[in-house]
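# Structural overview
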Amino acid sequence: MKLTPCILVLMFAFLACQERQEHIAPAVNPKDSVSMMVSYGVNTLVSDSGMMKYRIVAECWEVNQAKKPSRWIFEKGLFLEQFDPTFHVEAYIQCDTAYYFDQEKLWELRGRVRVRNVEGLRFSSEELFWDQNRHELYSYKYSHLVTPEREMEGTYFRSNERMTNYTITNSKGSFVKGGMGENEGDSILAAPDTVKARKRLPTTPSAKKTQ
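This write-up is about the structure you can find in this document. (Residues numbered from 1 in each chain as written. Predicted model: local features only at pLDDT ≥ 70, side-chain atom pairs only at ≥ 80, totals over all residues. Heavy atoms only, no water.)

### Describing the overall build of the protein
To be explicit about the condition: A helix here means a DSSP run of H or I that spans at least four residues, while a strand means a run of E at least two residues long, and both kinds are numbered starting from the N terminus. Only heavy atoms matter for contacts: two residues are in contact if any of them lie within 4.5 Å across the pair.
For the protein, the count of helices and strands is 2 helices and 15 strands. Contacts in the protein between residues far apart in sequence, at least 24 positions, make up 38% of those at least 6 positions apart.

### As for the pairing of strand 8 (residues 122-131)
Successive residues of a regular strand alternate their side chains across the two faces of the sheet. The criterion, for reference: When a residue's accessible area, from a 1.4 Å probe over protein chains only, is under 20% of the maximum for its type it is buried; when over 50% it is exposed; and in between it is partly exposed. Here, a strand pair is defined by DSSP locating no fewer than two bridges between the strands.
The buried count for strand 8 comes to 8 of 10 residues, which makes it a mostly enclosed element. Strand direction decides the pairing type here: strand 7 (residues 106-117) and strand 8, joined by 9 bridges, are antiparallel. If you follow Arg110 over to strand 8, its bridge partner there is Glu127. Turn length for the strand 7-strand 8 hairpin, with the two strands adjacent in sequence and antiparallel, is 4 residues, and the turn residue Gly120 shows positive phi of about 95°. Of the strand pairs in this sheet, strand 8 and strand 10 (residues 143-146) are connected by 4 bridges, and their pairing is antiparallel. Considered in strand 10, the bridge of Ser125 is made with Ser143.

### Quick word on the pattern of salt bridges
Note the following rule: Counted as salt bridges are all cases of a side-chain nitrogen of Lys or Arg within 4 Å of a carboxyl oxygen of Asp or Glu.
Scanning the entire structure with this criterion turns up 8 salt bridges. Measuring nitrogen to oxygen at the nearest pair gives 3.1 Å for the salt bridge that ties Glu81 to Arg55. Here Arg55 lies in strand 2 (residues 51-64) and Glu81 lies in strand 4 (residues 78-83), a separation of 26 residues in the sequence. The buried category is assigned to Glu81, whose relative accessible area is 15%.

### A short note on the packing of aromatic side chains
What counts is decided by this rule: Classification of ring pairs uses Phe, Tyr and Trp, with its six-membered ring standing for Trp, and accepts pairs whose centres are within 6.5 Å; under 30 degrees between planes counts as stacked, over 60 as edge-to-face, and the remaining range as tilted.
The full count for this structure, using the stated rule, is 15 aromatic pairs. When the ring of Phe123 is compared with that of Phe157, the centres are 4.6 Å apart and the planes differ by 35°; the resulting orientation is tilted. Of this pair, Phe123 sits in strand 8 while Phe157 sits in strand 12 (residues 156-160); the two residues are 34 residues apart in sequence, bridging distant segments of the chain. The burial state of Phe123 is the same as that of Phe157; both residues are buried. Ring geometry for Phe129 against Tyr138: centres 5.3 Å apart, planes inclined by 20°, an arrangement best described as stacked.

Dropping the structure here:
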């Protein structure tokens with residue numbers, strides 16, 4: 001049988017359709033999902049239970065609920081003002097990088113952390129955790145604390161949210177300003193067992209397995 005040019009064209013078209021492969025991208029994995037919100041040039045007030053708690057000032061604010069646990073991310077630094085119930089500033093907090101784990105109400109501050117309260121207390125470290133459920137601050141790295149009466153430094157720090165009752169252990173020194181006297185709320189322990197001190201606090205978020 002002799003094939004006409006028209007039939008040959010149809011046969012080639014049919015064969016070409018059979019050999020064609022569809023290029024389909026793989027399904028999006030939830031682990032690879034991008035952040036649900038990214039804001040730049042942030043200056044906003046944040047409330048909790050109907051009360052203004054703090055002001056956030058940041059170059060970039062990212063909210064990612066795909067990561068476990070979900071978190072707010074401040075990769076380019078954070079400046080935070082903390083308010084009392086009458087909306088007066090209690091403290092200023094600044095750091096290079098910050099993470100807020102919203103389900104646990106836990107802040108993780110990293111890199112040149114600086115805190116100052118209205119009583120004149122100044123705190124500096126490379127790490128600080130703020131547990132809002134337990135109403136406490138703590139750090140496992142070298143910390144330097146200066147009050148109007150004394151200056152302290154050590155490798156373990158723990159305090160209440162207002163920094164009126166605090167502890168520095170494994171301390172390298174306590175320098176009293178203007179005479180020898182004990183201030184209410186000051187607590188210095190001389191080189192206790194570091195392992196025992198760490199067991200009194202929850203595991204840091206950095207040690208958790210994240211996706």
